[in-house]
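Chain and residue survey
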Amino acid sequence: HITTILDIISILRNFYLNDENTYVLGDVLFYYQEGNPKKFVVPDVMVIKGVGKHLRRTYKLWEEGAVPSVVFEISSRGTWGEDLNTKWSLYQQLGVKEYYIFDPEYDYLPEPLVAYKLIKGELRKIQVRNRRIFSRELGLEIVDTGETLRFLDVEKNEFLLNAQEEHQARLKAERE
């Protein structure tokens, strides 16, 4: 669960490294109603466009002025119901453009990767074909490998590397 979250954050942060207006963060308190500290959610991963990359301990919607474009929730035995219902409803209300739920155990959801896209104000379920779906917001294809989620750069036809793969590639390049 945590490995999947950390990999997604790391991979997407690296992908958006040179994009000063896209910030990737996860597992932080996201307050969405000013003056009401009980109105918060803790998304596993958020991709937010139109904000700077300074570090944050929390994310306050009224201060930042930008709703996450994409949210990923990594389901577990204790969270899958909330991910499919409560969080889905809240993300729709807030205007999140794409919402993905992934079950890394391949046990809790009817399909391991569930995708929603905001269409006319409603987060509608989009069919994931052959364990793949293109994210217009990310500009990447999201692929369920049967073990984890990967991100395919369709222009280069290459998977984005996780931290371990990047390290191995660097070591290989140094040896050569």
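Located above this text is the structure these notes cover.
Let us look at the structure shown here.

Reading the values: the criteria
For every chain, the first residue of its written sequence is number 1, and the numbers climb from 1 along that sequence. A pLDDT threshold of at least 70 governs which residues receive local features in this predicted model, and a stricter bar of 80 or more applies before side-chain atom pairs are shown or counted, although totals over entire chains, interfaces and linings include all residues. Side-chain numbers here rest on the full set of heavy atoms in the structure, without hydrogens or water. Each residue is placed in one exposure class: buried if its accessible area under a 1.4 Å probe, protein chains only, is under 20% of its type's maximum, exposed if it is over 50%, and partly exposed if it falls in between. Secondary structure follows DSSP: runs of H or I at least 4 residues long count as helices, runs of E at least 2 residues long count as strands, and numbering of each begins at the N terminus. This arc is built from the directions going out from the helix axis to the C-beta atoms. To estimate the expected span of a helix, count its residues, drop one, and scale the result by 1.5 Å. Note on contacts: a residue pair qualifies if any of its non-hydrogen atoms lie within 4.5 Å across the two residues. Paired strands are those between which DSSP finds at least two bridges. Angles here are taken between N-to-C directions and fall from 0 to 180 degrees, while the axes themselves are lines fitted to C-alpha atoms, restricted in helices to the stretch in contact.

1. Some remarks on helix α4 (residues 86-94)
Taken together, the buried positions of α4 are occupied by K87, L90, Y91 and L94. Seen along its axis, α4 keeps its buried residues to an arc of 95 degrees; they face one direction. A positive phi of about 95 degrees marks G95, the residue just after α4.

2. Quick look at helix α1 (residues 2-15)
Over its 14 residues, α1 extends 20 Å from the first C-alpha to the last, a length consistent with the 20 Å expected when each residue adds 1.5 Å. Restricting attention to buried positions, one finds in α1 the residues T4, I5, I8, I9, I11 and L12. Considering only its buried residues, α1 is in contact with β1 (22-25), β4 (45-49), β6 (70-74), β7 (98-102), β11 (140-144) and β12 (149-153).

3. A closer look at the sheet that holds β6
Taken together, six strands build an open sheet; the order of strands is β1-β4-β6-β7-β8-β9 and the sheet is mixed. The sheet is open, and its two edges are formed by β1 and β9 (122-126), each paired on a single side. Ignoring which end each strand starts from, the neighbouring axes of this sheet average 15 degrees apart. Looking at chain direction, β1 and β4 are connected through four bridges and run antiparallel. Within β4, the residue paired with L25 across the bridge is M46. Seen against the sheet, α1 touches β1, β4, β6 and β7 and runs at an angle of roughly 165 degrees to β1. Sitting on the sheet, α4 is in contact with β6, β7, β8 (113-119) and β9, with an inclination near 125 degrees to β9.

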